[in-house]
Amino acid sequence: MTLHNPFTATVLGIPRIGPRRELKRATENYWAGRIDAGALRAVGRDLRTRQLTALAAAGLDSVPVGTFSFYDQMLDTAAMFGALPPRVADIADPLDRYFAAARGTETVEPLEMTKWFDTNYHYLVPEIGPATTFALQPDKLLEELREARELGVPARPVVIGPLTFLKLAKGIDGAAPLDRLNDLLPHYRELLRLLAAEGAQWVQIDEPVLVTDLTAPELALLRRTYAELAGVPQRPSILVATYFGRPGAALPALADMGVEGIALDFVAGTTVNDVAAVPALAGKLVVAGVVDGRNVWRTDLDRALATLGTLLGSSGALAVSTSSSLLHVPYSLDDESGADAALRSWLAFGAEKVAEVRLLATAVHRGTDAIADELSTARAALASRATDPRLRNDAVRARLAALGPDATRRAPAAERSALQRERLRLPSLPTTTIGSYPQTSAIRQARAALRSGEITAAQYDERMRAEIADVITLQEKLGLDVLVHGEPERNDMVQYFAEQLDGFFATANGWVQSYGTRCVRPPILFGDVARPAPMTVRWIEYAQSLTDKPVKGMLTGPVTILAWSFVRDDQPLADTARQVALAIRDETVDLQSAGIRIVQVDEPALRELLPLRADAEQQYLDWAVAAFRLATSGVSDATQIHTHLCYSEFGEIIEAIADLDADVTSIEAARSRMEVLDDLNAAGFHLGVGPGVYDIHSPRVPSVEEITSSLRAALKAVPAERLWVNPDCGLKTRGPAEVEASLRNMVTAAQSVR
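Everything numeric here is computed off the predicted structure, so don't read it as measured data.

Colleague: I keep staring at helix α4 (residues 94–103) and nothing clicks. Help me out?
Modeller: Helical geometry note: an α-helix holds 3.6 residues per turn, so side chains three or four residues apart project in the same direction. Across the ten residues that make up α4, a large majority, seven, are buried. Every buried residue belonging to α4 is among L95, Y98, F99, A100, A101, A102 and R103, and all of these are buried. The N-cap of α4, judged by a side-chain oxygen 3.0 Å from the amide nitrogen of L95 a few residues on, is D93.

Colleague: What's the story with the UniProt feature "active site" (unreviewed entry) in the protein chain in this structure? I'm lost.
Modeller: Mapped onto the present numbering, the UniProt feature "active site" (unreviewed entry) falls at H697. Relative to the helices and strands, H697 resides in the loop between β21 (688–691) and α26 (704–715). The class for H697 is buried, based on a relative accessible area of 9%.

Colleague: It is not clear to me how the pattern of salt bridges should be interpreted in this structure. Could you clarify?
Modeller: Oppositely charged side chains can pair when the atoms bearing their charge come close. Inspection of the entire model under this criterion finds 47 salt bridges. Where E147 meets R48, a salt bridge forms, and the shortest distance between an N and an O atom there is 2.8 Å. Of the two residues, E147 sits in helix α5 (residues 139–150) while R48 sits in helix α2 (residues 37–57), which places them 99 residues apart along the sequence. Here the two residues E147 and R48 agree in accessibility, since each one is buried. Salt-bridge contacts for D406 lead to R409; the nearest nitrogen and oxygen are separated by 3.1 Å. In the salt-bridge network here, residues are joined through shared partners; they are R48, D76, K140, E144 and E147.

Colleague: Is there a simple way to explain unusual backbone geometry in this structure?
Modeller: For residues besides glycine, phi is generally negative; the peptide bonds are generally trans as well. Positive phi outside glycine occurs at R425, with the angle close to 50 degrees. Examined against the element boundaries, R425 turns out to sit in the loop between α16 (413–424) and α17 (441–452). Of note, D661 is a non-glycine position whose phi angle comes to about 65 degrees, a positive value.

Colleague: Looking at this structure, I do not really get the UniProt feature "binding site: 5-methyltetrahydropteroyltri-L-glutamate" (unreviewed entry) in the protein chain. What am I missing?
Modeller: According to UniProt, the feature "binding site: 5-methyltetrahydropteroyltri-L-glutamate" (unreviewed entry) maps to R21, E22, L23, K24, K115, N120, R518, C519, W564 and E608 in the numbering used here. Across 588 residues of sequence, these annotated residues are also dispersed in space, with a maximum C-alpha separation of 27.6 Å. Checked against the element boundaries, K115 lands in strand β2 (residues 113–115). Here N120 is to be found in the loop between β2 and β3 (122–124). Filtering out sequence-adjacent residues up to four positions away, N120 remains in contact with K115, S514, V520, A563, W564 and E608.

Colleague: In this structure, what is going on with the sheet that holds strand β1 (residues 63–65)? I would like to understand it.
Modeller: To summarise the sheet geometry, strands pair through backbone hydrogen bonds and adopt either a parallel or an antiparallel arrangement. One open sheet holds the seven strands; their spatial order is β1-β5-β7-β8-β9-β10-β11, and the pairing between them is parallel. The two strands at the open ends of the sheet, each matched to only one other strand, are β1 and β11 (317–322). Neighbouring strand axes in the sheet, compared pairwise and without regard to direction, differ in orientation by 30 degrees on average. In this structure, strand β5 (residues 155–160) lies alongside strand β7 (residues 202–206), joined through three bridges in parallel fashion. Bridge pairing in β7 links V158 to Q204. Each of β10 (285–291) and β11 is contacted by helix α13 (residues 350–366), which is oriented at about 160 degrees to β11, the strand it contacts most.

Colleague: Sorry if this is basic, but what is going on with the sheet that holds strand β15 (residues 524–530) here?
Modeller: Taken together, three strands build an open sheet; the order of strands is β12-β15-β17 and the sheet is mixed. In this open sheet, the two edge strands, each paired with only one partner strand, are β12 (502–505) and β17 (566–567). Judged from the two bridges that link them, β15 and β17 form a sheet pairing that is parallel. Within β17, the residue paired with L525 across the bridge is V567.

The rules behind each value
Residues numbered from 1 in each chain as written. Predicted model: local features only at pLDDT ≥ 70, side-chain atom pairs only at ≥ 80, totals over all residues. Heavy atoms only, no water. Buried < 20%, exposed > 50% of the residue type's maximum accessible area, 1.4 Å probe, protein only. Helix = DSSP H or I, 4+ residues; strand = E, 2+ residues; numbered from the N terminus. Polar contact = N/O pair within 3.5 Å; in protein donor to acceptor, adjacent residues only side chain to side chain. UniProt positions renumbered as here; feature names shortened; annotations may be inferred. Salt bridge = Lys/Arg side-chain N within 4 Å of Asp/Glu carboxyl O. Contact = heavy atoms within 4.5 Å. Pairing = 2+ DSSP bridges. Axes fitted to C-alpha atoms, helices over the stretch in contact; angles between N-to-C directions.

What follows is the structure in structure tokens.
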């Protein structure tokens, strides 16, 4: 096979929220009616122009286009192939129809949302049924390709592949999405023809599902799919991109087809031996993901060059790339002046990773002498990191070494339950919320004023106490049974703790997209973790002083803190999890000493970190469950431990959820219509459970009748003495008026069913 126009340096995808979250703000302004669709599209166009020209100027000779999205790439794919749910079909405006599928409306339920493989990005789950009629609508992708060409950018359009799209979709009305492959493939063939007509030399087809466990029939579908797509005449060269792991048996199956290139993730497990074992790759472009697209550590250039040097002998042509899209890392280190020189030298955000890709490509094609100075700088940074004393806390390590098996055990659940019933005296079907209340503009302004020095810490505390008092008053007025303090003092459920724990660095502008317009700043966990002082006690203690009803202490669990941080890569993740768990354990004990009767330790990311291959799952679940139990087993049996899980497919880890041994587990269930309860029952779950009775990621206010129906459905699976009533998740992103209306309806429904 002759390779035409192979490229040498690229990335697999780019972020879209904007370095100053411009897209987030514009989108939310559009939703609020403050700008029109034209203004929103102009912001998107400006962001694309700036980013694409910057990547070309940085030396990439192939730049991905089509990864921009106003909400989510899976939703974009559903829209491109005419597979939005029928319930949005009557919405005339295409943009509003798109957002209705993402967020819902007062009358339309949104698509379900879950985690994108083992990342903290959430995607919208397409619904594919027997009546789904695919119809190619490629205008968005073609327009973005034309934009790039007009800018003189060497553009490579990117689409999600048919296997990944269908395998991650949800079947409805008895359909199995993969059974619709024959109906979808003609539209992919037509798309390839249209892209070629627009001058695209390469097209990137993302198939991350290839790094998961595929059945023999699925491997056969892979061969047939890419034999058919490769057989399209007058098409661009096809680059199939895999990432987040090793493709295993999918690699030789794919390589035997007629595609011209394959992108592989050498950070997440693919090895040079995997490539050498597939002779067909000797005639293809191998795009080597040797720069980590998901974490923020500087690349070991010497190690990467060793990998690339070996690959030269096993591939027809070689390009250097990031291991995955840069969607998962911040834009640039430029705004991180708060990092000391040593720490800063260890890091690489998006712009720095692009520079690393270009450096490595230069060395591959011109020799290491061409980057001698950069190699010297990189080596010095790695040496600095290896010897920095902040990486090791001997006191923490000694405490962990001294812990015995009792450190992760509490009394049997039945004994605990009796003590807690006597202490709490709650009604049946107790009502509560997950933790956060709306982060109003007044709260955000107070936090900004504190950062800028306009108000003192004492003044800030006074404002937060006033917010807490308002939230307690609201909950008592609504009639909730177990209250929360609303978390006004918290910027984020992970960052808040990271800012108070040794071993973390909190960025100033390290924003990444979690879903839609929801952006987070994952902290950087670079050293051993320790808790110098209590982190939440004064706020929870104050809230409890305002009411006779129990107020939950609100903490984030060790696995979620790891999953939603950029974590050190110089020791096993399990060791880092135990260090974080020890800090959370100390906080639970201090909350109990302050008179708090319920402590919630959230682990929404428990499913998120589950390995993509089944043979690695149990080892992960063992240490993840042990970390949670270490964090929660220091309190007395009369203190009730809650946990919360949301927005993942939990069926695979139901037994692990039970093994957490939390007295009450609240879990996302509204978008999935209580399906998770059947999984819990099948696993013999016998503890308290609060299936979310309404979806907080949609602006719609659920009616009393709707919540009542959800509760009655839940009662078919869970007896009343174990059932709690709560929303799906925290209320931070919602508006005060809709929160009050929704909670009033929730309490009314609970009282009716009660």
